[in-house]
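A look at the structure
Listed here are the chains, written in short residue letters.
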Amino acid sequence: MVMSVNASNSVSNNSAAFAQAVLPLNHAIPRLVGAELMMIHDAAATVVSFYWHAHEDVVAQEMSPVAIAQYISQIQHVLTHQTPHQFRWLFQWGEQTLLFDLVMSPVLFPIGSATLVVVTGEQVQSFAGLQASSVSDGQDVPLVQSDILSSNRYHRLLTKIAWNVRRTLDLSTIWQQTVTGLGSALGVSRCILCPYEAPSQTVQVVAEYCQENLESLLNTKFLLKDEPDLSQALARLQPIRTLAPTLDDCAQPECEEVLQTRLAVATHYLEQPNGLIIVYQCDRERRWTQDEIEFMQELADQVGTAIAHATLFTESQALATELQRVNADLRQKHRELEEARHQAEAASHLKSEFLANTSHELRTPLNGMIGFLKLILDGMAEDPEEQREFLEEAHRSAMHLLDVISDVLDIAKIEAGKMQIELSPVTLDEVLTQLENMTQTQIRQKFLSLEIQQPPTHDEIILYGNYQRLLQVLLNLVGNAIKFTHEGGITISAEVIKKRVVVQNQDLPGLVKIRVADTGIGVSLDKQDKLFQSFSQVDGSMTRQYGGTGLGLAISQKLVEAMGGVVNFYSMGEGLGSTVTFTIPLYQEPVMITT
């Protein structure tokens, strides 16, 4: 029976006083606890109190433990951890060496730490009579057999640890619970676990249990060619015990002359190793019992199966995640293909409408030209003035036809990426004046007003663009404004924006934002995204009512972007007019007039 002795509150916390208090009880206490032998030691293994039932006349000085340094280590271990310890030990009595089953317990005081241990035990009769001469320093005898696992305790520990590792499929949890459970059960200095996958020549520590005075070995790598015992454990699938000098990180000075014991066993599944469990006893040379070795072997079998199942589960999860990702990608690709198909169908429909509209736009002015020229050729003009009117109408139809053809050619060049625009200094006033001259007739015919507003400057505003393309953009925008405005007017304004920009590798001082605003029919908010699409008008019925190819705004946007600007459209809704703005780089900063 393992127990801890607690001193009564009435007993002084002084160790010597406690020893004096229990001296009269030397005979009573062993009988009370059923022990044959009872001793009280201090930390240096000095006997404070001694009683041996078989030989009551023997005094403490006549019987002493073999390998006193290691026996002191047992005492200090119990005092440090303040937990009972069960083990076997050899004692020298005269010329005989006797083996005892012992339980060493700390004497706990209400105040302060434990400084005494109580040792109780019974002699192992089958070992009695061993002559002292048969025990010498360094001889391979069962000197210390600590933490002996009885069959029942072994079975309980195996069941408990195996249950903990088999109830989860998380590898890191399995690894850590294995080393923690095994290290605590065997009371070893350190227990580590390294996963293994053939034919790797290295293993790395992924989980560790160790005493506080030891430095961690987590993430340490072992080369199997330098660790023959680990290679043997993997090859034979059996526990391999080795002796080696104490680890450098062992912080116990008394361990320096002691060989550490290392026991390695491979975890495996279907006779294939998948890991290594390694336990260390660095404070003494440890003799592993058969029960302990069988316990580790069976636990390694259980852990190997758990690792295999968890690995399979992890791989299955990774595969499922990858399948989900691929499936999501396929769905996304399908949506993109569907969207592309819809866009292609819409583009095909738009181009069909465009061809129908363009054929009408081409046929109408061409028929006008042919009709008026036929009238002149047939002598239907009554006088020179009427003949001139016919010629002017034919010329007007020819110019309209030229505009339609130019739009078609421009958009074809733009979409093919073959339109090259040369930029140079352009005077804003010159462009706006030409625009006003070219649109005056249309403005007057529809009884609209045209207002041009320029920012107040002392000098001219010089743009960096292409004169012909800039004029083309303004004619498109103003032409649309005239077409879709029945009353009111059109306002063209310019604003200088001081913002450094780089266009075609030239550093320029700013931009000029030009606005073309009208009081026309406007555009509903849900249809404004169609405005800059090629071959498109916001409403197909407008093509029949107002004419046009639907290329004007698309061409204007591409031309402005080619000159380093941006086009924007604004309308609050149908019947509320519209505003188109675009920016053009400023070649040089003008001197503004301040008020």
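Residues numbered from 1 in each chain as written. Predicted model: local features only at pLDDT ≥ 70, side-chain atom pairs only at ≥ 80, totals over all residues. Heavy atoms only, no water.

1. Focus: the state of the cysteines
Stated formally: Cysteine sulfur atoms that pair up within 2.5 Å are treated as a disulfide.
Under the definition given, this model contains zero disulfides. With no disulfide of its own, C191 lies 10.0 Å from the sulfur of C194, the closest cysteine sulfur.

2. Some thoughts on the pairing of strand β20 (residues 489-497)
For the record, the criterion: Two strands pair under a simple rule: DSSP has to find at least two bridges between them. Numbering of helices and strands starts at the N terminus; helices are DSSP runs of H or I of at least 4 residues and strands are runs of E of at least 2.
By the bridge criterion, five bridges tie strand β18 (residues 449-453) to β20 in an arrangement that is parallel. Each bridged residue has a counterpart across the sheet, and for I452 the counterpart in β20 is I492. The pairing of β20 with strand β23 (residues 510-518) spans eight bridges and is classified as antiparallel. Its bridge partner being in β23, I490 is matched across the sheet by D518.

3. Overview of the nonpolar core
Keep this limit in mind: Joining through side-chain atoms within 4.5 Å is the link that ties buried Ala, Val, Leu, Ile, Met, Phe, Trp, Tyr and Cys residues into a set, and such a set is a nonpolar core. Under the scheme applied here, a residue whose accessible area is under 20% of the maximum for its type counts as buried, over 50% as exposed, and between as partly exposed, the area being computed with a 1.4 Å probe on protein chains only. Pairs of residues are marked as contacts when any of their non-hydrogen atoms sit within 4.5 Å.
In terms of nonpolar packing, the biggest core is built from 49 residues, with L428, L463, L474, V512, I514, V516 and F582 touching the most fellow members. The contact partners of V512, leaving out residues within four places of it in the chain, are L428, I461, L463, A494, E495, F582, T583, I584 and L586. Counting residues in hydrophobic clusters, the runner-up holds 28 residues, among them I161, L182, L186 and L299.

4. Points about the pairing of strand β6 (residues 96-108)
By the criterion of burial, β6 is predominantly enclosed, with 10 of the 13 residues buried. Pairing of strand β5 (residues 85-93) with β6, which is carried by nine bridges, proceeds in the antiparallel orientation. Among the inter-strand pairings, W89 is bridged to a residue of β6, identified as F100. The antiparallel hairpin formed by β5 and β6 contains two residues in its connecting segment, where G94 sits at a positive phi of about 65°.

5. Regarding a negative patch on the surface
This is how the line gets drawn: Each patch is built from salt-bridge-free residues with over 30% relative accessible area, joining like charges within 9 Å and nonpolar side chains (Val, Leu, Ile, Met, Phe, Trp, Tyr) within 5 Å. The accessible surface values rely on the Shrake-Rupley method and a 1.4 Å probe; as for residues, cover is taken only from the protein chains in view. Whenever a carboxyl oxygen of Asp or Glu lies within 4 Å of a side-chain nitrogen of Lys or Arg, that contact is scored as a salt bridge. Only four residue types enter the tally: Lys and Arg on the positive side, Asp and Glu on the negative side, with His and both chain ends excluded. Note on charges: their place is set at NZ of Lys, CZ of Arg, CG of Asp or CD of Glu.
Side chains of E382, D383, E385 and E389 sit close together on the surface and give a patch of like negative charge. Tracing the backbone through its elements, the reader meets E385 in helix α8 (residues 384-416). Here E385 falls in the exposed class, since its relative accessible area comes to 58%.

6. Digging into the pattern of salt bridges
Following the criterion strictly, the structure yields 14 salt bridges and no others. In this structure, D329 engages R325 in a salt bridge whose closest nitrogen and oxygen atoms are separated by 2.8 Å. With D329 and R325 both in helix α7 (residues 290-377) and four residues apart, the pair spans about one turn of that helix. Classification of D329 by relative accessible area gives partly exposed; the value is 36%. The shortest N-O distance in the salt bridge between R341 and E338 comes to 2.9 Å. Here R341 pairs with E338, and both are found in helix α7, just three residues apart, close to one helical turn. Salt bridges sharing common partners tie together E227, D229 and R262.

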